[in-house]
Amino acid sequence: MLIDAVTDILREAAEVAILPRFRALAAGDVCEKTPGEVVTVADREAEELISRRLRDLIDAPVVGEEATAADPTLLSALRDAPTAWLVDPLDGTANFVAGRPEYAVMAALVQSGRTVASWVVRPAEHDVHVAELGSGTWRNGVRVNRAPAPDDPSRLRGAVLTRFLDDATKAHIATATHHFAALTPGTKCAGVDYPRLLNGDQDFLLFHRTLPWDHAPGVLLLTEAGGTAHHLDGTPYSPSVPKQGLLDAADSACWRTVRSLLLP
């Protein structure tokens, strides 16, 4: 079964390349990929292992975060290839480097530009979320259904990653925080924030950057559990369509409420 086979691959990568280095990174194991973005030997080794194993399952292009950093043309496979793999070998690298457990190993299968299966494995927590288009979302073998969010905005809890937002939007969000029960910056790991939205710890998430390896896995988890994920203009999220700004919510009513209160 594909779901189980990919889960085993991600767990293997964690056991071989990631967990032995957690809180044990050596000098030279970390470098800056771009200003403010770090990468580790664990990211690169895990992606190499995962990519090789996934191709053995389905011989299709692999769009990995680290491979795409070296060759951005790989992204075209999400639009042009009938089938493609997406891999984020270590989501939350900065947390991993800092010795915090908020990191994840993620993958998705994309067919004709649409995510049809996804995996989010949190090695430090022994936690696995999987989803398959039309078949639902599962956490550690148990079906997940996201309950509707409260109607009252003052009871809503959410996370907004403001780092990449423009100054005007940041200022507007700052003035809108009083509408909500809680508004946090999130965990800097989509592989943690999406599960928190699923389990009710949060009711919405707002991101500016929509890198496909960050969001394709979590969006399918969310939508298959009953939630919604749309760009700020209301169009549905797609990993094959590069568009900035993504609002994820427990349900459509919550999405509309948060969109109207939080953003200009």
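The structure displayed is predicted, hence computed values, not measured ones. (Residues numbered from 1 in each chain as written. Predicted model: local features only at pLDDT ≥ 70, side-chain atom pairs only at ≥ 80, totals over all residues. Heavy atoms only, no water.)

1. Points about the sheet that holds strand S10 (residues 157-160)
So, step 1. Judged by pairing direction, the sheet is mixed, and its five strands sit side by side in the order S11-S10-S12-S14-S13 without closing on themselves. The open sheet is flanked by strand S11 (182-184) and strand S13 (228-231), the only strands paired with a single partner. Ignoring which end each strand starts from, the neighbouring axes of this sheet average 15 degrees apart.
So, step 2. Seen against the sheet, helix H7 (residues 190-198) touches strand S12 (204-207) and strand S14 (246-249) and runs at an angle of roughly 150 degrees to S12. (Pairing = 2+ DSSP bridges. Helix = DSSP H or I, 4+ residues; strand = E, 2+ residues; numbered from the N terminus. Axes fitted to C-alpha atoms, helices over the stretch in contact; angles between N-to-C directions. Contact = heavy atoms within 4.5 Å.)

2. A word on the pattern of salt bridges
So, step 1. Taken as a whole and judged by the stated rule, the model has 11 salt bridges.
So, step 2. Across the pair Glu65 and Lys33 runs a salt bridge whose closest N-O atoms are separated by 3.4 Å. One end of the pair, Glu65, is in helix H3 (residues 65-70); the other, Lys33, is in strand S1 (residues 30-34), and 32 residues separate them in sequence.
So, step 3. Classification of Glu65 by relative accessible area gives buried; the value is 15%.
So, step 4. For Lys33, a relative accessible area of 27% puts it in the partly exposed group.
So, step 5. A salt bridge links Asp203 to Arg146; the shortest N-O distance between them is 2.7 Å. Pair noted here: Asp203 is in the loop between H7 and S12 and Arg146 is in the loop between strand S9 (142-144) and S10, with a separation of 57 residues, a long-range link. A single burial state applies to Asp203 and to Arg146, both of which are buried.
So, step 6. If you follow the salt bridges from partner to partner, you end up with Lys33, Glu65 and Glu66 in one network. (Salt bridge = Lys/Arg side-chain N within 4 Å of Asp/Glu carboxyl O. Buried < 20%, exposed > 50% of the residue type's maximum accessible area, 1.4 Å probe, protein only.)

3. Some points on the sheet that holds strand S3 (residues 62-64)
So, step 1. Strand order in this open sheet of seven strands is S3-S4-S5-S6-S7-S8-S9, and the pairing throughout is mixed. The sheet is open, and its two edges are formed by S3 and S9, each paired on a single side. For this sheet, the mean inter-axis angle between neighbouring strands, taken without regard to orientation, is 20 degrees.
So, step 2. Relative to strand S6 (residues 114-122), strand S5 (residues 104-111) is paired through seven bridges, and the arrangement is antiparallel. For Ala108, the partnering residue across the bridge sits in S6 and is Ser118.
So, step 3. Along the sheet face, helix H1 (residues 2-18) touches strand S4 (83-91), S5, S6 and strand S7 (127-132) and points at about 40 degrees away from the line of S6.

4. Observations regarding the packing of aromatic side chains
So, step 1. According to the stated counting rule, one finds six aromatic pairs in the structure shown.
So, step 2. Considering the side-chain rings of Phe180 and Phe204, the 5.2 Å spacing of their centres and the 55 degrees angle between planes classify their relative orientation as tilted. Highlighted residues: Phe180 in the loop between helix H6 (167-176) and S11 and Phe204 in strand S12, separated in sequence by 24 residues.
So, step 3. An aromatic cluster is defined as three or more aromatic residues linked by ring pairs; in this entry it consists of Phe22, Phe96 and Tyr103. (Phe/Tyr/Trp six-rings, centres within 6.5 Å; stacked < 30°, edge-to-face > 60°.)

5. Here's the deal with the nonpolar core
So, step 1. Counting residues in each nonpolar core, the largest one holds 32 residues, and the members touching the most others are Leu86 and Tyr194.
So, step 2. Elements represented by at least two residues in this core include exactly helix H4 (77-80), S4, S5, H7, S12 and helix H8 (212-224).
So, step 3. Contact partners of Leu86, with chain neighbours within four places excluded, come to Val63, Leu78, Met106, Ala107, Ala108, Val110, Pro212, Trp213, Ala216 and Pro239. (Core = buried A, V, L, I, M, F, W, Y, C linked by side-chain atoms within 4.5 Å.)

6. Topic: the state of the cysteines
So, step 1. Inspection of the entire model under this criterion finds zero disulfides.
So, step 2. Of all cysteine sulfurs, the one in Cys189 lies closest to Cys31, which takes part in no disulfide; the gap is 19 Å. (Disulfide = S-S within 2.5 Å.)

7. Focus on the layout of surface pockets
So, step 1. For the largest pocket, the calculated volume is near 620 Å³.
So, step 2. Those elements giving two or more residues to the lining of the largest pocket turn out to be strand S2 (37-40), H3, S4, helix H5 (93-97), S10, H7, S12 and H8.
So, step 3. Within this model, the second largest pocket holds a volume of roughly 320 Å³.
So, step 4. As for the second largest pocket, its lining consists of 18 residues, of which Leu75, Pro212, Pro239, Val241 and Pro242 are closest to the centre.
So, step 5. Class assignment of the residues belonging to the lining of the second largest pocket gives a composition of nine nonpolar, six polar and three charged. (1 Å grid on protein atoms, 1.4 Å probe; cavity = no way out; pocket = protein on both sides within 12 Å on 5 of 7 lines; lining within 4 Å. Points joined across faces, edges and corners; volume = space filled by probe spheres on them. Nonpolar A, V, L, I, M, F, W, Y, C, P; charged D, E, K, R; others polar.)

8. Observations concerning unusual backbone geometry
So, step 1. For Ser112, which is not a glycine, the phi torsion comes out positive at approximately 50 degrees.
So, step 2. On the secondary structure map, Ser112 appears in the loop between S5 and S6.
So, step 3. Non-glycine residue Lys188 carries a positive phi angle of around 65 degrees.
So, step 4. Mapping Lys188 onto the fold places it in the loop between S11 and H7.

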